[in-house]
Amino acid sequence: MACRLPIFRGAGGGCRHRPGCLGREVLAWPNGASSSLAGNFPDPEQLLAEPGSWIGEGGGGRAAVVHSTRMGSHEIGTSFMPNQRAQLTEWAEQALPEPVVRVPDLKRGRGKGIGAPGNRRPKPRTDEAKKTELLRETQARRANLAAQARIAGSAPQHSGPPLVDVRLLWQSPEVRKEAVAQFAHALGLDGDGGASAAAITDRHFDEARPGAPVVLEWQTEELILRLRCLPLADGLGDRLVPDPAVKSKGAAISTAIVERRRALDSWLRADGADPGRPELALVEIAHRSTFRPSLSDPRFTIRLGCADAGVLTQFVVTPSTDRQIDNADSIGHRTHSSWLDGLRQLGVRVLPQHTLGDDLPDGLQYAAVWMVKRRKDGPTRLPKHLPVAVLATPLPHATGQAAVRGWDDAAGEWVPYPRFLLGLVKQAEIDPEACAEPDPQNGGPQSSVPRVTGKQWRTNLAQQRKETAAFLQRVLHSLRGQPTALITHAQNCRLHWPWLQDGRIERDLIRTGHAPAGRLDDELRLVRVRGCGGREAAQWWGLAEPGKPHGQPAGFWAQTIPSQGRASSGDRVFYSTTERPGTHAVSPALDRLATRVNAAGNLTSQAGTSAWNPTLLEIAVLGCHTDDDPGAPALGKPDEAEALALAVHQLRQAPDYAAALSLPLPLHLAGLAQAYVLPMLVQSDEASTGATAGPTAEQEQASTTDNDSDPDLMDAAGLTTEPEGGDDEG
């Protein structure tokens, strides 16, 4: 409410806003009753029946009913399109005092058009062109999978093409049939894998057991593929059931997790799974809404058990016609997408190729660092901080193929991406004695069941920063000898790497710990990106000619100097926007506030159409070797900051994704690795249970996610995505 009269007896005048709660025909104020209110108070029925008489300009108090997203959906779309957003900005600009001005408009930087990579995803228009492109895409995917199998050394030793085993753990016949079909479709495989020749029926699938699965096999020029199909039986995919004999609720769920984890490990090993030979499994699981409370969701327990057996997991949800789920019609699309995401976990990625030629060093590889910060309300109810790093090295003579590796901090080396993901499960384990609350009697660790608390984890920030500094030093040392661009994320990294904050960074230097900032290694370049988290990155629109609506431009942008009107050669901050996704095919001139006349001459309203605006990704080249670098002559051609920034912009446009990524591909891969950082207490040989995080009632109501989307966009349960209180903005 906006009140222009004293609303409380004895209060002063003036206009003020105050929230109220409208429910069951009673308007209640947080700190008072309706009897303490003075003046003409809105009647609830009138406010709902005639809202127009209370909103907007007018005499007396003003009131409006605000919709909350928790109240359900409504017919009004979200956001404004660029043209109206520009009009609102121009209107707000009039209120700025004279010394304050809006930042200058951005100008297109280096590159043509949207700044696409050299292997940009094609857009065929005719049916024949689409068929040709599909054949090329699937053949490239098979070749990439064969290359990754050789790099990982996971394929059994034999002459001829590499052999790749993949598992399908199904629960419903619909998913099983669709998963087999979409597996063949995703890799361009002909035939049914020998099912017809072997006279395999539904009964064979139903009776398959570990050690005796239904095996479908395809042989191609690039590799041999075997799909091992097993029903996820024996309750392994059912909800977790805490042991009623265990009094502590946290200990009971911990017991259930450990038991299910061990059962899955034994079950997969009985089918030949080998931790030394990473494989992929597509696992069918029920929709998360069917697991109540959320602690009973077995998704993360399944991932842990499969990882113990050396099996990577990608989930697909069981189809349902339930009104709250209603996903039966999308089973084909969802299964196909799940297979593609699973293959990406095996390292099957298409690296965007830059178009900078000799302006970038030959053989430039890309490294990325990501800080995984699990909170106490995470999937395993244990807090954990773990830095991870990913390295993408282009393969020679293979367009778009790259060796994707992750840093194994225990071994001190870069390992293939699948092995890196599985290793994170072990690295995320917590020593219960190191993180337990002290015994109030003697000051030592409690002799009873240890409980890892979020308070203890937060107060250990200084130690976490020391561990992060040591981690960064080991990673940087391993990158010496080959040209590397290290990509970091401002919002994600600055809490544990404070030097990345705006007020602390120093041009062309680097600092990882307490030592003063030093010069970059000869082969290292440092880039920091800033995403949309915390609304730190703005939304942008294209500047149209007078009289025409502003658009949604994709491309690479540079800042301008008002006095010169051109990009400064010494500038290090650039911006990136990508093309509008196909799911938002709306006009930039969309009007959310009033009706308009469309191209057919009819009056139409677009209030129900959701808008889309490109988000600026800030790319800051913090360190490179330019003309004024004393070591630049020895390195050959000096670096161009704009060329490095453009290459990072092109890394967002991975050809194997239908839409552009919110982050550069290496940083995207590092962020997705957090799905395997599932903290658990180290289990002793004598007891498999007894240590727990002790979830609260509020934590039990929290939802969990699978973290397979863009890390810059998701708000995953148990992940600290925003800076902690007191963190400097940077």
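Scroll up to find the structure.
Residues numbered from 1 in each chain as written. Predicted model: local features only at pLDDT ≥ 70, side-chain atom pairs only at ≥ 80, totals over all residues. Heavy atoms only, no water.

Caption draft 1: Structural context of the overall build of the chain. If you tally the helices and strands in the chain, you get 17 helices and 23 strands. When the 730 residues of the chain are sorted by exposure, 49% land in the buried category. Contacts in the chain between residues far apart in sequence, at least 24 positions, make up 72% of those at least 6 positions apart. Here the chain displays about 35100 Å² of accessible surface, and carbon together with sulfur accounts for 51% of that area. (Helix = DSSP H or I, 4+ residues; strand = E, 2+ residues; numbered from the N terminus. Buried < 20%, exposed > 50% of the residue type's maximum accessible area, 1.4 Å probe, protein only. Contact = heavy atoms within 4.5 Å. Areas by Shrake-Rupley, 256 points an atom, 1.4 Å probe, with all protein chains shown as cover.)

Caption draft 2: Up close: the packing of helix α3 (residues 127–152) against helix α4 (residues 173–187). Interhelical geometry of α3 versus α4 gives an angle of 95° and a closest axis separation of 7 Å. As judged from the angle between their axes, α3 and α4 are roughly perpendicular. Along its contact with α3, which presents Leu134, Thr138, Arg141 and Arg142, the element α4 presents His185, Ala186 and Leu187. Looking at the contact of α3 with α4 residue by residue, the class counts come to 3 nonpolar, 2 polar and 2 charged. (Axes fitted to C-alpha atoms, helices over the stretch in contact; angles between N-to-C directions. Parallel < 35°, antiparallel > 145°, perpendicular 65-115°, else oblique. Nonpolar A, V, L, I, M, F, W, Y, C, P; charged D, E, K, R; others polar.)

Caption draft 3: The sheet that holds strand β8 (residues 224–231), seen in detail. The strand order β7-β8-β6-β9-β10 describes an open sheet built from 5 strands, whose pairing is mixed. Two strands bound the open sheet, and with one partner strand each, they are β7 (214–219) and β10 (311–317). Looking at each pair of strands side by side, their axes are set apart by 20° on average, direction ignored. Examined bridge by bridge, strand β6 (residues 163–170) and β8 share 8 bridges and lie parallel to one another. Bridging across to β8, tryptophan 170 finds its partner in proline 231. Relative to the sheet, α4 contacts β6, β7, β8, β9 (279–285) and β10, its axis offset from that of β6 by approximately 155°. Its contacts with the sheet put helix α7 (residues 299–308) on β9 and β10, and the angle it makes with β10 is roughly 150°. (Pairing = 2+ DSSP bridges.)

Caption draft 4: Seen up close, the sheet that holds strand β15 (residues 484–489). In space, the 10 strands of this open sheet follow the order β5-β19-β20-β23-β18-β15-β11-β12-β13-β14, with mixed pairing throughout. Both outer strands of the open sheet, β5 (107–108) and β14 (413–416), are each paired with one neighbouring strand and no more. Pairing geometry for strand β20 (residues 573–577) and strand β23 (residues 617–623), over 4 bridges, is antiparallel. Across the sheet, the residue bridging to serine 576 is leucine 617, located in β23. Against the sheet, helix α9 (residues 417–427) engages β12 (384–394), β13 (402–408) and β14, with an angle of about 170° to β12. Here helix α15 (residues 641–650) sits on the sheet and contacts β11 (365–374), β15, β18 (524–530), β19 (555–558), β20 and β23; the angle it forms with β23, its principal contact strand, is near 135°.

Caption draft 5: A look at the pattern of salt bridges. Summed over the entire model, instances satisfying the criterion amount to 38 salt bridges. Linking arginine 136 and glutamate 133 is a salt bridge whose minimum nitrogen-to-oxygen distance equals 2.7 Å. Of this pair, arginine 136 and glutamate 133 both sit in helix α3, 3 residues apart, which is roughly one turn of that helix. Here arginine 136 falls in the partly exposed class, since its relative accessible area comes to 44%. (Salt bridge = Lys/Arg side-chain N within 4 Å of Asp/Glu carboxyl O.)

Caption draft 6: Here's a closer look at the pairing of β15. Most of β15 sits inside the fold, with 6 of its 6 residues counted as buried. The alternating pattern of β15 places Thr484, Leu486 and Thr488 and Ala485, Ile487 and His489 on opposite faces, both of which are buried. Two strands pair when backbone bridges link them, and β11 and β15 are joined in this way by 4 bridges, in the parallel orientation. Its bridge partner being in β15, alanine 367 is matched across the sheet by leucine 486. Pairing of β15 with β18 involves 6 bridges; the strand directions are parallel.

Caption draft 7: How the structure looks around α15. Of all 10 residues that make up α15, 9 are buried, and the element is covered over most of its length. Contact partners of the buried residues in α15: β11, β15, β18, β19, β20 and β23.

Caption draft 8: How the structure looks around the pairing of β10. Extensive coverage of β10 is indicated by the burial of 7 of its 7 residues. What you see with β10 is no split at all: Val311, Thr313, Phe315 and Val317 on one side and Leu312, Gln314 and Val316 on the other are buried throughout. Relative to β10, β9 is paired through 7 bridges, and the arrangement is parallel. Looking at the pairing, glutamate 284 lines up with valine 316 of β10. Handedness of the β9-α7-β10 crossover: right-handed. (Right-handed = clockwise from strand over helix to strand, strands pointing away.)

Caption draft 9: Examining the nonpolar core more closely. Counting 115 residues, the largest nonpolar core has Phe183, Leu227, Cys229 and Phe420 as the members making the most contacts within it. Leucine 227 has contacts with Val166, Arg167, Leu168, Val180, Phe183, Val214, Val215, Leu216, Trp218 and Trp339, leaving out every residue within four places of it along the chain. Counting residues in hydrophobic clusters, the runner-up holds 23 residues, among them Phe471, Cys493, Leu500 and Leu622. (Core = buried A, V, L, I, M, F, W, Y, C linked by side-chain atoms within 4.5 Å.)

Caption draft 10: Region of the structure containing the environment of aspartate 234. Checked against the element boundaries, aspartate 234 lands in the loop between β8 and α6 (249–269). Along the primary structure aspartate 234 and alanine 263 are separated by 29 residues, whereas in three dimensions their C-alpha atoms are 9.5 Å apart.

Caption draft 11: A look at the packing of aromatic side chains. Considering all chains together, one arrives at 6 aromatic pairs under this definition. Look at tyrosine 417 and phenylalanine 420: their rings are 5.9 Å apart centre to centre, the planes differ by 35°, and that puts the pair in the tilted class. Of this pair, tyrosine 417 and phenylalanine 420 both sit in helix α9, 3 residues apart, roughly one helical turn. Here tyrosine 417 and phenylalanine 420 have matching classes, each one buried. Connected via pairs of aromatic rings, a cluster forms that spans Phe183, Trp218 and Trp339. (Phe/Tyr/Trp six-rings, centres within 6.5 Å; stacked < 30°, edge-to-face > 60°.)

Caption draft 12: Examining the side chain of glutamate 618 more closely. Relative to the helices and strands, glutamate 618 resides in strand β23. Residue glutamate 618 is classed as buried on the basis of its relative accessible area of 12%. Setting aside residues up to four positions removed in sequence, glutamate 618 forms contacts with Arg528, Val529, Arg530, Val573, Phe574 and Tyr575.

Caption draft 13: Local environment of unusual backbone geometry. In this chain, arginine 292 is followed by proline 293 through a cis amide linkage whose omega measures 0°. Relative to the elements of secondary structure, proline 293 occurs in the loop between β9 and α7. One non-glycine residue, histidine 397, lies in positive phi territory at about 65°. One non-glycine residue, aspartate 508, adopts positive backbone phi at about 60°. By the secondary structure assignment, aspartate 508 is in the loop between α13 (490–493) and β16 (509–510).

Coordinates in, geometry out; function isn't part of it.
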